[in-house]
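What the coordinates show
Spelled out, the chains give:
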Amino acid sequence: MHSQRISKFEIAIIFLLLLLVVAPILAVFLDLINPLIRQDISKDSFLTETRIYKLFAKSLYLSFAVLISCTIIAFPIAWLFSKYSFPFKGIFATLTVVPLFIPPYISAISWMYAFDSQGWLGFPDSFNFISGFGGNLLVFSFWLFPLMFLFFHNALLIGKPYYETVSLYRRFWPGIRFKMTLMVKYGVIPGMILTFVLVFVNFSVPGVLQLNVYPTEIFAQFGAFYDQEQAALLSLPNLIIAIFLAVFISKHFHRQSRFGLLNHLPGFQTVSGFKLIAIYTFFIAFLLAVIGIPILSLVLRTESFSTFIQAIADTYMQWINSLLFALAGTLVICLMAFLLVWHVRHKPGLQILSMIILLLPMFVSGGLYAIGLIQVWNQSFLGGFVYGSSLMVILSYFRFMPIAFFLILIGISKLPKRFEEIAYLSTGNKLAVISKIVLPQIKNSVFGALSITFIFCFAELDTVVLTYPPGMETIPVRIFALLHYGTHQTVAALCLWQVIIIIAIVLPLSGLINQKLLK
Amino acid sequence: MIGSSFCCTKKSNQKKMKSKWIYLLSLLLLLASCAQDKNEVVIYCALDKMYSEPILKDFEKQSGIKIKVVYDTELTKTVGLVNRILAEASNPQCDVFWNNEISRTILLQEKNQLQPYPSPSAFDIPSKYKDSLGYWAGFAARARIIIYNKSKCNPNDLPSSMMDLSKEKWKGKAAIAYPLFGTTATHAATLFSEYGNDWAMDFFEAVKENEVGILDGNATVRDRVVSGDYWWGFTDTDDANGAIEDGKNVGIIYPDQKDDEMGMLIIPNTIALIKDGPNQENGKLLIDFVLKPKTEEILARARSAQIPLRPMPNIPKNVMNLDSVKQMDVDFYRVCGQLNESSRKLGKIFIK
């Protein structure tokens, strides 16, 4: 069906990605070459300062800590859902994913509202952990564990037929080791990498929760000194990590592509009696903590229903802009991600290059990426066609393409290639194979990619604040402006609306996924 | 037979593909529909929408010129707009920059991004608050003041000076915003330029030693003082007035008012014409409009209670009268020249 020669269409896709995704990064980093050759980068460069290394280590520490805590939270829940069947399982599964819908800065603000000394859960100063490492760990973990849950759950379900076999082993350790290997093979690693990078480059949560991290220093170079060279120089280690992870993960998927499994969902054990009560108690308590506290904080801060209504009435244009940008961005990104996955599947040689292209922008700070986008697209010969138009916002969202890519890749990698080959032989039409055979088989992954990409696009601030066209402000930009000038009631009301709107759009979609996946 | 039907299917699929590409291209064109409208002006505005929008709408109504605005956020602390102007330097998209402070405007002037335009509306603005060549003009200022929590501070023993930040008796009770960003950075750079690097570094080391809360922004300082987490802190008049309007139990102190003290730092809004902007003439009209005394009056009566630089009849009670306070004697060009170095030095103290 596919020759190993790279077709013109595939070259076109790679070229498009290089232009859209890599060119902005190159634009920023090429500016570094001359000063580096001339050795006139400021004497205060990061190479000479131990505090910079400490900040880097602190960011790594926080990212790994979040990764571990997300694993600790997500794995038992995923295991529970993959093994047992109980009443209202679909509802609980859907609610488990909801914290991912709450943008992290909103979550940080709402936890602050809950725990500051006048908050409704206010602790005395000596016990108040929310400002600092503990608060950051909590907010990031509660935001990202659903992402890990999705990957774990997928891995557990896909590997389940093997586990059943392995359970025949009498000895404990070989069984566990085999299970872990299978889980890793079926996509836990991309989940871990995404979780790691989403913490490692995040600036807004540590900003709200008073923790200096490596992105704070990059932001300071960029924001306080307008020194893009230093900011780019400080981002170099991020790029090295991105390339390392890209190579690692592409090797992982290369190995995985030898496997091909059908969507085989074995039976679940039915739970009743004491076990059922224990499960319900756990979920109710846990969901109250991870969803209830932030939402209740926002509700209590909003104070009155009229503020709640007024907040949306005053900002309806920003909501429309955000929704249109996010919907268009999600569709474009998921389409691109699918095309890339499709070609990576059939041309393993493209994997490393594709992974590097995808991961680089995620590891660069949003502000720096935006500067690169401006440098590439603000050209007089283009007029206002790209820069100064909505396309700039959509280009800004390309940072989130790895999320869609990995979710679709994991979905498609369990589909045996022979299915496609048989279908192609009978139709001779690739489009028909994709639409009639492949997409129906991986629709859960595609829905997941659409939902999660939409959430990230809708809440994007770092890049969009520099690229949105004049007069087309988005809602996250507005919320952050109001943090300074507005009242807490308005900010809380807008945060609440943002959560409600994301849930209203994404929940039916994820409900559908759960219905298909968990029945 | 089979061959021809396969061929037809292939052709129809190709047609379908073509029409899909056409749809896709149309969608892209639709998304890029922000076409250049010649009778327009593009303004990058760091003053919040709720205060600036009514003024800009007024201009639009009176002149018939369409305004396109890019606003900044508290998170990016004017950084977004300045970085955007710098990144766009090869092909400027902005006509007018309305900054809510002064140092970044001078920075753009130094980086050759501004074009002089001595607006006729600026004739009565005090010379201290405008550039002699017309690169920028100031209006409607904020002041750096102390906000204090009335239930925490003893009314007979209130802080009164910037120097109180380093005094043992206030250990762990005071707060400021990160001195690397926004008006706090300007305030810090002022100390560096007026008192020298060594003195300023010693002072900020002492501030850190004294466990002064270094918070995310001036609004956070206000909020943490309101909540009682800190007893008092340095913030801007607009933040403090917002809290008082909301009925919070806080008060304002004008710092350093004694004869031997430095006085209070006043930071005006500034407006400037961007070099080679696409709609320069409209930009000039907008600058003339914004610099009229009416703008200062509107901003003084708003929640932010901005301080008019020109005499204003019937000044609201909550708005500071510049004639009645001791102002810091500042050379803004020197402060701006100092800003980068002072921020770098302070970064080493405060970002660890």
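Just so we're clear, the structure is a prediction, and the values are computed from it rather than from any experiment.

1. Section: the overall build of chain A
- Per the secondary structure count, chain A includes 22 helices and two strands.
- The proportion of buried residues among the 519 residues of chain A is 62%.
- Taking as baseline every contact in chain A between residues at least 6 positions apart, the subset at least 24 positions apart corresponds to 85%.
- For chain A, the accessible surface area stands at approximately 19,900 Å², while carbon and sulfur atoms represent 70% of it.

2. Overview of the overall build of chain B
- Broken down by element type, chain B carries 11 helices and 10 strands.
- For chain B, the residues scored as buried account for 60% of the 352 residues in total.
- Across chain B, contacts joining residues at least 24 apart in sequence account for 77% of those joining residues at least 6 apart.
- By element, 53% of the accessible surface of chain B is carried by carbon and sulfur atoms, the whole surface being about 14,500 Å².

3. Regarding the confidence of the model for chain A
- With 82% of its residues at a pLDDT of at least 70, chain A reaches an overall mean of 80.
- For residues 257-264 of chain A, every residue scores under 50 in pLDDT, and the model assigns this stretch 22 contacts once sequence neighbours within four places are set aside.

4. Structural notes on the state of the cysteines
- All told, the structure shown has zero disulfides over all chains when counted by the stated rule.
- In this model Cys457 of chain A remains outside any disulfide bridge; the closest cysteine sulfur is found in Cys334 of chain A, 8.0 Å from its own.

5. As for the confidence of the model for chain B
- Within chain B, residue pLDDT values average 86, and 87% of them lie at 70 or more.
- Taken as a whole, residues 1-8 of chain B scores under 50 in pLDDT and shows two contacts with residues more than four places along the chain or in a different chain.

6. Examining the nonpolar core
- Phe86, Phe398 and Phe405 of chain A together with Trp98 and Leu165 of chain B are the most contacted members of the largest nonpolar core, which has 299 residues in total.
- Top element by residues in this core is helix H5 (residues 133-166) of chain A. It accounts for 14 residues.
- The contact partners of Phe405 of chain A, leaving out residues within four places of it in the chain, are Ala337, Leu340, Val341, Val344, Met355 and Leu358 of chain A.

7. Regarding the packing of aromatic side chains
Residue and element names in this part refer to chain A.
- For the structure shown, the criterion picks out 41 aromatic pairs over all chains.
- Aromatic pair Phe142 and Phe286: ring centres 6.4 Å apart, planes at 80 degrees, arrangement edge-to-face. Here Phe286 lies in helix H10 (residues 273-302) and Phe142 lies in helix H5, a separation of 144 residues in the sequence. Note on accessibility: Phe142 and Phe286 belong to one class, buried.

8. A look at the packing of helix H5 (residues 182-195) of chain B against helix H11 (residues 332-350) of chain B
Residue and element names in this part refer to chain B.
- In the contact formed by H5 and H11, the axes pass within 8 Å of each other and the chain directions differ by 105 degrees. Compared by their axis directions, H5 and H11 come out roughly perpendicular. When H5 is examined against H11, the residues Ala185, Thr186, Ala188, Ala189, Thr190, Phe192, Ser193 and Glu194 are found in contact with a partner set consisting of Arg334, Val335, Gln338, Leu339, Ser342, Lys345 and Leu346.
- Among the residues forming the contact of H5 with H11, the class breakdown is seven nonpolar, five polar and three charged.

9. What to know about unusual backbone geometry
All names here are of chain B.
- Even without being glycine, Glu211 reaches a positive phi, approximately 55 degrees.
- You can see Glu211 is positioned in the loop between helix H6 (197-209) and strand S7 (213-215).
- In the Ramachandran plot, Asn314 falls in the positive-phi region, its phi being about 55 degrees despite a non-glycine side chain.
- By secondary structure assignment, the location of Asn314 is in the loop between helix H10 (293-301) and H11.

10. Some thoughts on the environment of Ala305 of chain B
Residue and element names in this part refer to chain B.
- Here Ala305 is to be found in the loop between H10 and H11.
- Spatially, the C-alpha atoms of Ala305 and Val96 are 24 Å apart, while their sequence positions differ by 209 residues.
- Excluding residues within four positions of it along the chain, Ala305 makes contact with Asn241, Leu299, Ala300, Asn318 and Val319.

11. A few points about the pairing of strand S5 (residues 137-149) of chain B
Residue and element names in this part refer to chain B.
- Judged by how many residues are buried, S5 sits mostly within the fold: 13 of 13 residues are covered.
- Where S5 lies against strand S10 (residues 266-274), six bridges are found, and the strand directions are antiparallel. Of the residues in S10, the one forming a bridge with Ala143 is Ile266.
- Inspection of the sheet shows S5 paired to strand S8 (residues 232-236) by five bridges, in the antiparallel sense. Its bridge partner being in S8, Ile147 is matched across the sheet by Gly233.

12. A look at the environment of Lys89 of chain A
Residue and element names in this part refer to chain A.
- With respect to the element layout, Lys89 can be found in helix H3 (residues 89-97).
- For Lys89, a relative accessible area of 5% translates into the label buried.
- Taking the C-alpha atoms as reference, Lys89 lies 30 Å from Phe338; in sequence the two are 249 residues apart.

13. Remarks on the interface of chain B and chain A
- The interface is formed by 69 residues belonging to chain B together with 72 residues belonging to chain A.
- For the pairing of chain B and chain A, the buried interface totals around 5,800 Å² over both sides, and the portion due to carbon and sulfur atoms is 56%.
- For the interface between chain B and chain A, the tally reads two salt bridges.
- The salt bridge involving Glu473 of chain A is made with Lys49 of chain B; its shortest N-O contact spans 3.3 Å.
- Across the contact surface, chain B and chain A share 13 residue pairs in polar contact (both at pLDDT 80 or more).
- Counting residues per element, the side of chain B that touches chain A draws most heavily on helix H1 (residues 2-31) of chain B, at eight residues.
- Tallied by class, the residues present in the side of chain B that touches chain A amount to 32 nonpolar, 15 polar and 22 charged.

14. What about the pattern of salt bridges?
- Following the criterion strictly, the structure yields 23 salt bridges over all chains and no others.
- Between Glu460 of chain A and Arg399 of chain A there is a salt bridge whose closest N-O contact spans 3.3 Å. Residue Glu460 of chain A is found in the loop between helix H19 (443-459) and helix H20 (464-467), and its partner Arg399 of chain A is found in the loop between helix H15 (391-396) and helix H16 (401-413); the two are separated by 61 residues along the sequence.
- The exposure class of Arg399 of chain A is buried, given its relative accessible area of 6%.
- The partner of Asp238 of chain B in a salt bridge is Arg142 of chain B, with the nearest N and O atoms 3.6 Å apart. You can see Asp238 of chain B sitting in helix H8 (residues 237-245) and its partner Arg142 of chain B sitting in strand S5, a full 96 residues away along the chain.

15. Observations concerning the pairing of strand S2 (residues 66-71) of chain B
- By the criterion of burial, S2 of chain B is predominantly enclosed, with five of the six residues buried.
- Between the parallel pair strand S1 (residues 40-45) of chain B and S2 of chain B, the chain is carried across by helix H2 (residues 49-63) of chain B, and the sense of this crossover is right-handed.

16. Quick notes on the packing of helix H2 (residues 50-83) of chain A against helix H8 (residues 214-223) of chain A
Residue and element names in this part refer to chain A.
- Interaxial distance between H2 and H8 falls to 7 Å at its minimum, and their mutual angle equals 130 degrees. In this view, H2 runs oblique relative to H8, as classed from their interaxial angle. Here H2 contributes Arg51, Ile52, Leu55, Phe56 and Ser59 to the contact with H8, which in turn contributes Tyr214, Pro215 and Glu217.

17. Some remarks on the side chain of Gln280 of chain B
- Assignment of secondary structure puts Gln280 of chain B in helix H9 (residues 280-290).
- Not counting residues up to four positions away in its chain, the partners in contact with Gln280 of chain B are Asp95, Gln115, Leu273, Ile274 and Lys275 of chain B.

18. Some points on a negative patch on the surface
All names here are of chain B.
- Side chains of Glu168, Asp198, Asp202, Glu205, Glu209 and Glu211 sit close together on the surface and give a patch of like negative charge.
- By the secondary structure assignment, Glu209 is in helix H6.
- For Glu209, a relative accessible area of 63% corresponds to the exposed category.

19. Side note on helix H18 (residues 430-441) of chain A
Residue and element names in this part refer to chain A.
- Its 12 residues place the ends of H18 15 Å apart at the C-alpha level, agreeing with the 16 Å of an ideal helix rising 1.5 Å per residue.
- Regarding H18, the residues found buried are Ala432, Val433, Ile434 and Val438.
- In this structure, the buried side of H18 is in contact with helix H12 (316-346), H16 and helix H17 (417-427).

20. Overview of H10 of chain B
All names here are of chain B.
- Along H10, the residues that are buried comprise Thr295, Glu296, Leu299 and Ala300. End-on, the buried residues of H10 take up no more than an arc of 135 degrees, which puts them together on one face.
- Residues of H10 that are buried make contact with H2, strand S3 (96-99), S5 and H9.

Cut-off values and rules
- Residues numbered from 1 in each chain as written.
- Chains lettered and ligands numbered in written order.
- Predicted model: local features only at pLDDT ≥ 70, side-chain atom pairs only at ≥ 80, totals over all residues.
- Heavy atoms only, no water.
- Helix = DSSP H or I, 4+ residues; strand = E, 2+ residues; numbered from the N terminus.
- Buried < 20%, exposed > 50% of the residue type's maximum accessible area, 1.4 Å probe, protein only.
- Contact = heavy atoms within 4.5 Å.
- Areas by Shrake-Rupley, 256 points an atom, 1.4 Å probe, with all protein chains shown as cover.
- pLDDT = per-residue confidence, 0-100.
- Disulfide = S-S within 2.5 Å.
- Core = buried A, V, L, I, M, F, W, Y, C linked by side-chain atoms within 4.5 Å.
- Phe/Tyr/Trp six-rings, centres within 6.5 Å; stacked < 30°, edge-to-face > 60°.
- Axes fitted to C-alpha atoms, helices over the stretch in contact; angles between N-to-C directions.
- Parallel < 35°, antiparallel > 145°, perpendicular 65-115°, else oblique.
- Nonpolar A, V, L, I, M, F, W, Y, C, P; charged D, E, K, R; others polar.
- Pairing = 2+ DSSP bridges.
- Buried area = accessible area lost by both parts, 1.4 Å probe.
- Salt bridge = Lys/Arg side-chain N within 4 Å of Asp/Glu carboxyl O.
- Polar contact = N/O pair within 3.5 Å; in protein donor to acceptor, adjacent residues only side chain to side chain.
- Right-handed = clockwise from strand over helix to strand, strands pointing away.
- Patch = residues over 30% accessible without salt bridge, like charges linked within 9 Å, V, L, I, M, F, W, Y side chains within 5 Å.
- Lys, Arg positive; Asp, Glu negative; His and termini not counted.
- Charge placed at Lys NZ, Arg CZ, Asp CG, Glu CD.
- Expected span 1.5 Å × (residues − 1).
- Arc of directions from axis to C-beta.

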